[in-house]
Amino acid sequence: MIEYDRNHIWHPYTSMTSPPCAYPVASAQGVRLRLSDGRELIDGMSSWWCAIHGYNHPVLNAAVEKQLNAVAHVMFGGLTHEPAVELAKKLIGMTSDPLQHVFFSDSGSVSIEVAIKMALQYWFNTGKTGKSRLLTIRGGYHGDTFGAMAVTDPVSGMHTMFKGVLPQHLFAARPESRFGEPVSEKDVNGIRSLLERHHREIAAIILEPIVQGAGGMWFYSAEYLAAVREMCREFDVLLILDEVATGFGRTGKLFGYEHAEISPDILCIGKAMTGGYLTMAATLTTEEVSAGISANDGALMHGPTFMANPLAAAVAVASIDLLLEGPWQQRVAAMEEQMRGELRAITNHPMVRDVRVLGAIGVVETHQPVPANELQNQFVEHGVWIRPFGNLIYLMPPYVIESTDLSQLTAAIGPALDLI
Ligand SMILES: *Cc1c(COP(=O)(O)O)cnc(C)c1O
């Protein structure tokens, strides 16, 4: 099986000619992945921010089974169903009040494409046809489709070879002001000067709120986000927040924008929405934007085949109930405190440049890029699943992790650094 996989199947961002080894997972339970040779790994990744309740959860399994026996999938053109309506109600209920309309899609990247279309179509239909560019900050990651790539960091964004065919958007510097600190004038002026020069051609600013994920795991000042919100109003530009990674409690708030007490015009969510069970994402917007899009009876020009898939919607409803009815806030706060305490020990390691923790995210940044595959193998030897990239070794375990298991994750990082 491993041989066939290696010879025929692409994994994310890998080569087909010199692929690194992929570990075969036979099953998973709670926070443990079981490999086919019987070894168990404590999961420090939540399968890329998704599996917030852990694996093989009886409540989520039951939700999928129940829906499976009703209908697994049906087209969303001209038809609707209870899981989609229930999920829309929950999303509208749990996000900020102005967000009242939902578009379901099948992945985070597509939710970004839809957000961009919404913004462009809004300005087009309201007569401001010149507003067709986007403004963002460096260090962002918004997905792998072409519209999303074009607003992802051009250097760290893993897409440099496509630069020539992407629309040229505007990039401000990554905010230097850290989370928990006031915002510097320099950071605000960086984005303000671009707005002053280009606002007539800018449709929207797109950002990951508070935490930039795959573009560098950087936590920035909530005051910066609040200032961006204000400037969007001032310059007549929409604010798109990409909460695909930060949504559903990961930063200690249900949504990252709550740290800044603001509300976006367009919101993208995905990843943890189904508790990591099935692929689904959503783009939400306000009454005003949706009315603008539909001025002159304009339809929103998007409609994926698997839009609002009933199985995914049903498990998303169950996952959100599980989250909101449980003590997620205390758990995430406890994880934050524990990671902060336990990772402090490696702050002084000569390899380490910075250690930062926010909510259920712990990050160790090294001075130099780490040998990711060697470290990953080392972690597997230690019984933990941690997948570094670039100069980052980071943890974002399921919220249900026990403190002894979390200690095993944090304790594995120091010895791995010693080996480099
Ligand atoms: C993962 C991610 C995406 C893309 O989501 P996919 O489901 O992989 O297409 C977009 N934005 C952010 C912030 C992400 O972390």
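Parameters at a glance
Residues numbered from 1 in each chain as written. Predicted model: local features only at pLDDT ≥ 70, side-chain atom pairs only at ≥ 80, totals over all residues. Heavy atoms only, no water. Buried < 20%, exposed > 50% of the residue type's maximum accessible area, 1.4 Å probe, protein only. Helix = DSSP H or I, 4+ residues; strand = E, 2+ residues; numbered from the N terminus. Pairing = 2+ DSSP bridges. 1 Å grid on protein atoms, 1.4 Å probe; cavity = no way out; pocket = protein on both sides within 12 Å on 5 of 7 lines; lining within 4 Å. Points joined across faces, edges and corners; volume = space filled by probe spheres on them. Nonpolar A, V, L, I, M, F, W, Y, C, P; charged D, E, K, R; others polar. Patch = residues over 30% accessible without salt bridge, like charges linked within 9 Å, V, L, I, M, F, W, Y side chains within 5 Å. Areas by Shrake-Rupley, 256 points an atom, 1.4 Å probe, with all protein chains shown as cover. Salt bridge = Lys/Arg side-chain N within 4 Å of Asp/Glu carboxyl O. Near = heavy atom within 4 Å. Polar contact = N/O pair within 3.5 Å; in protein donor to acceptor, adjacent residues only side chain to side chain. Contact = heavy atoms within 4.5 Å. Domains from an automatic or database assignment. Buried area = accessible area lost by both parts, 1.4 Å probe. Core = buried A, V, L, I, M, F, W, Y, C linked by side-chain atoms within 4.5 Å. Phe/Tyr/Trp six-rings, centres within 6.5 Å; stacked < 30°, edge-to-face > 60°. Lys NZ or Arg CZ within 6 Å of the ring centre and 35° of its normal.

Caption draft 1: How the structure looks around the pairing of strand 10 (residues 238-242). Counting buried residues along strand 10, 5 of its 5 residues qualify, which places the element largely inside the surrounding structure. Judged by which residues are buried, strand 10 turns out to be covered on both faces: Leu 238, Ile 240 and Asp 242 on one side and Leu 239 and Leu 241 on the other are all buried. Pairing between strand 7 (residues 202-207) and strand 10: 4 bridges, direction parallel. For Ile 205, the partnering residue across the bridge sits in strand 10 and is Leu 239. Bridge count for strand 10 against strand 11 (residues 266-269) is 3 bridges, and the pairing is parallel. Across the sheet, residue Leu 241 finds its bridge partner in strand 11, namely Leu 267.

Caption draft 2: Just the layout of surface pockets, in detail. In this model, the second largest pocket occupies a volume close to 810 Å³. Lining the second largest pocket are 28 residues, with His 11, Pro 12, Ala 22, Tyr 23 and Trp 385 positioned closest to its centre. Broken down by element, the residue count for the lining of the second largest pocket peaks at 3 residues, all from helix 1 (residues 2-8). Classifying every residue of the lining of the second largest pocket by side-chain character gives 19 nonpolar, 5 polar and 4 charged.

Caption draft 3: The arrangement of the sheet that holds strand 1 (residues 25-29) in detail. Strand order in the open sheet formed by 4 strands is 1-2-3-15, with mixed pairing between adjacent strands. Looking along the sheet, the strands with just one partner apiece sit at the ends: strand 1 and strand 15 (384-385). Where strand 2 (residues 32-35) meets strand 3 (residues 40-43), 3 bridges bridge the pair, whose relative direction is antiparallel. Pairing of Arg 34 across the sheet is with Glu 40, part of strand 3.

Caption draft 4: View of a nonpolar patch on the surface. A cluster of nonpolar residues, Phe 146, Met 161, Phe 162 and Val 165, forms a patch on the protein surface that exposes about 460 Å² of accessible area. Topologically, Phe 162 is positioned in the loop between helix 6 (146-149) and strand 6 (170-172).

Caption draft 5: Geometry of the site of the ligand. Lining the immediate environment of the ligand, one finds Ser 107, Gly 108, Ser 109, Tyr 141, His 142, Gly 143, Glu 208, Asp 242, Val 244, Ala 245 and Lys 271. Between Gly 108 and the ligand, the recorded distance is 2.9 Å, taken from a backbone N or O atom to an oxygen atom. Lys 271 places a polar side-chain atom, nitrogen or oxygen, 2.6 Å from an oxygen atom of the ligand. Protein burial of the ligand: of its 380 Å² of free accessible surface, 82% is covered by the chains. For the shell around the ligand, the per-class residue count stands at 3 nonpolar, 5 polar and 3 charged.

Caption draft 6: Structural view of the side chain of Thr 366. Here Thr 366 is to be found in strand 14 (residues 361-366). Not counting residues up to four positions away in its chain, the partners in contact with Thr 366 are Met 351, Val 352, Arg 353, Asn 391 and Leu 417.

Caption draft 7: Summary view of the pattern of salt bridges. Within this structure, the stated rule accounts for 19 salt bridges. Between Asp 405 and Arg 32 there is a salt bridge; the shortest N-O distance is 2.9 Å. Of this pair, Asp 405 sits in helix 13 (residues 403-419) while Arg 32 sits in strand 2, placing them 373 residues apart in sequence. Given the relative accessible area of 9%, Asp 405 is considered buried. Judged by its relative accessible area of 27%, Arg 32 is partly exposed. Salt-bridge contacts for Lys 128 lead to Asp 236; the nearest nitrogen and oxygen are separated by 2.6 Å. A residue pair is termed long-range when its members are at least 10 positions apart, and Lys 128 in the loop between helix 5 (108-125) and strand 5 (133-137) and Asp 236 in the loop between helix 8 (222-234) and strand 10 qualify at 108 residues. For Asp 236, a relative accessible area of 36% puts it in the partly exposed group.

Caption draft 8: Local environment of the domain arrangement of the protein. Along its sequence, the protein is organised into domain 1 (2-56 + 327-417) and domain 2 (63-325). Distance between the C-alpha centres of domain 1 and domain 2: 26 Å. Each side of the interface is counted separately: domain 1 has 27 residues, and domain 2 has 32 residues. Of the roughly 2500 Å² buried at the junction of domain 1 and domain 2 (both faces included), carbon and sulfur atoms supply 66%. Ranking the residues of domain 1 by area buried against domain 2 places Trp 49, Trp 328 and Leu 358 at the top, with a combined share of 31%.

Caption draft 9: Quick peek at the nonpolar core. Judged by nonpolar contacts, the single largest core of 125 residues is most densely connected at Leu 87, Leu 91, Phe 104, Ile 205, Phe 248 and Ile 413. The biggest single contributor to this core is helix 5, with 9 residues. Viewed by domain, this core spans two of them, domain 1 (2-56 + 327-417) and domain 2 (63-325), each represented by three or more residues. Other than its neighbours up to four places away in sequence, Phe 104 contacts Ala 84, Leu 87, Ala 88, Leu 91, Met 280, Ala 281, Ala 282, Pro 304, Met 307 and Ala 308.

Caption draft 10: Spotlight on helix 12 (residues 372-381). Leu 375, Gln 376, Gln 378, Phe 379 and Val 380 are the residues of helix 12 that are buried. Close packing links the buried residues of helix 12 with strand 2, strand 3, strand 15, strand 16 (392-395) and helix 13. Where helix 12 terminates, the next one or two residues include Gly 383, which has phi positive at roughly 80 degrees.

Caption draft 11: Looking closely at the packing of aromatic side chains. Counted according to the given criterion, the structure contains 7 aromatic pairs. For the pair Tyr 220 and Tyr 224, a centre-to-centre distance of 5.5 Å together with 85 degrees between the ring planes defines the contact as edge-to-face. The residues Tyr 220 and Tyr 224 share a single accessibility class, namely buried. The rings of Phe 248, Phe 255 and Tyr 257 are connected pair by pair, giving a single aromatic cluster. One Lys or Arg, Lys 131, reaches over the ring of Trp 123 and ends 4.9 Å from the middle of that ring. A cation sits over an aromatic face here: Arg 174 above Trp 218, 4.1 Å from the ring centre.

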